[in-house]
Structure formats: structure tokens, C-alpha cells
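Residues per chain are reported as follows:
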Amino acid sequence: MSDPNPYADDSYKWGPPQPPGNPPTMPDGQGYGYPAPGAAPAYGYPQPLPESAAQPGPGYGYPGPGQATQPGFNLPAQHGGTGGVPMLSFGDITVMNDGIVTPSGTMPLKGAVWTATDMSRTEEKIPTVGIVLAIVFALFCLIGLLFLLMKEKRTTGFIQVTVTSAGRHHSTMIPATGPETFQMVMSQVNTARSMSA
């Protein structure tokens, strides 16, 4: 690493000599991509405000003057839709204290119909390690066959949760991580059913 840094002083030192670079120019002497000196800026450049325009307001996403904000956040308070506190969540379905929020829209909580379908399955099989150990130790003694009693359980699939309210319908899939996942989801669905009554 004894070579000097070729970019240390921003000059090109290695290779064949290069002619000095000039920016491309337009026929009228205007630089490429820049407006001519004294000319009005073209499309894509910030345009000056007309005289009749009022002072520009705050940028996108910031509350304007006199607009209410939520405590703890510098965001405008949402008017309309559901307000309140999230009570339960099933995948992309969120149950608020007065409504149900889904990606397809907001539904009323009162009178909602909830269903849950178990689409998971649990498989039990002998792991590969147990089979290899049974073969290796079966040659020495018959005790190696006890390794065939090793079992592993694996749960795959999903639990489907569906909500219908006010003529709207939404469904979500919750991955099953174990045989107890369906019982956990059903307890939450039963809580949502009692809130909808």
C-alpha cells in the first residue's frame, strides 16, 4: 500500500494525458440543463410565486395554523373514521373500542360477525438424527433401536380470521407456530365477539 491516493488532490495523474473538460453548451451559449443568464427558469425549476399568491403554508404532512394536533405528536388530529384505542389485533385487522380497521376500510364494531377457521396441521415424524443414530448403534447392540422412538412435531399452515360488518367483509391469515396457536386466536376471537354484541 505504498501507492499514493490518486484522488487526493482531485487531479488525474495516471494513464494517458486527458484534454481539459468543458461542460456541453447549447448553441446560444446557455449551459446544458441550466437557463440562460437573465432568462426565466424552464419546466422543472422552482417557479417564483405570483404577486397575488399568499404566503406559502406549511409543507405536506404538517398541521396548518389553527389545526388541532394529537398530544405527544406533531400531527393533525384525525376527524372521521374510528378514533380510540386499539383493543385487539388479528393480522391486519385491528379492533378499536368503537370500530374495526382493515386495509379495505373501516367497519362498525356493533353487529360484526367473526369466524375463525383452523387451516393448520401438526405432523409428527422421526428426525433424521434418530434414524442415523439407530443405524449406527444397531450394529453394536440392539439398544440403538430405541433411537427410533425419537419424535419431532412440526406445525404448518394458517388460522383464517374473517369479519363481516355493515355489508363489508375482510379476511386475514395468521401463521400457525404451534398446536396452541388456534386456541390463542379463538380466545381473541371470542373477546371480539363479546365486544361486537
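Along its length, the protein carries 2 helices and 7 strands. When the helices and strands of the protein are read in sequence order from the N terminus, they spell out β-β-β-β-β-α-β-β-α. Counting only residues that meet the buried cut, the protein has 19% of its 197 residues in that class. Intrachain contacts of the protein at a sequence separation of at least 6 include 49% that bridge at least 24 residues. In the form shown here, the protein has an accessible surface area of approximately 14,800 Å², with 62% of it arising from carbon and sulfur atoms.

Turning our attention to the pattern of salt bridges. All chains considered together, the criterion is met by 1 salt bridge. A salt bridge links Glu123 to Arg121, with the nearest nitrogen and oxygen atoms 2.9 Å apart.

Looking now at the confidence of the model for the protein. With 58% of its residues at a pLDDT of at least 70, the protein reaches an overall mean of 75. Across residues 70-82, where pLDDT falls below 50, the model places 21 contacts with residues more than four positions away in sequence or in other chains.

A separate point is the sheet that holds strand S1 (residues 86-90). Strand order in the open sheet formed by 4 strands is S1-S2-S3-S4, and the pairing between neighbours is antiparallel. Two strands close off the open sheet at either side, each with one partner strand: S1 and strand S4 (105-108). Strand-to-strand twist in this sheet, taken as the mean axis angle between neighbours without regard to direction, amounts to 20°. Note that S1 and strand S2 (residues 93-96) share 4 bridges and pair antiparallel.

For the rest of this paragraph, the subject is the nonpolar core. Judged by nonpolar contacts, the single largest core of 20 residues is most densely connected at Phe90, Val95, Ile100, Trp114, Val161, Val163 and Val189. Considering each element in turn, this core owes the most residues, 5 residues, to helix H2 (residues 181-196). Not counting the four nearest positions on each side in its chain, Phe90 is found in contact with Val95, Trp114, Val161, Thr172, Ile174, Val185, Gln188, Val189 and Ala192.

Calculation rules
Residues numbered from 1 in each chain as written. Predicted model: local features only at pLDDT ≥ 70, side-chain atom pairs only at ≥ 80, totals over all residues. Heavy atoms only, no water. Helix = DSSP H or I, 4+ residues; strand = E, 2+ residues; numbered from the N terminus. Buried < 20%, exposed > 50% of the residue type's maximum accessible area, 1.4 Å probe, protein only. Contact = heavy atoms within 4.5 Å. Areas by Shrake-Rupley, 256 points an atom, 1.4 Å probe, with all protein chains shown as cover. Salt bridge = Lys/Arg side-chain N within 4 Å of Asp/Glu carboxyl O. pLDDT = per-residue confidence, 0-100. Pairing = 2+ DSSP bridges. Axes fitted to C-alpha atoms, helices over the stretch in contact; angles between N-to-C directions. Core = buried A, V, L, I, M, F, W, Y, C linked by side-chain atoms within 4.5 Å.

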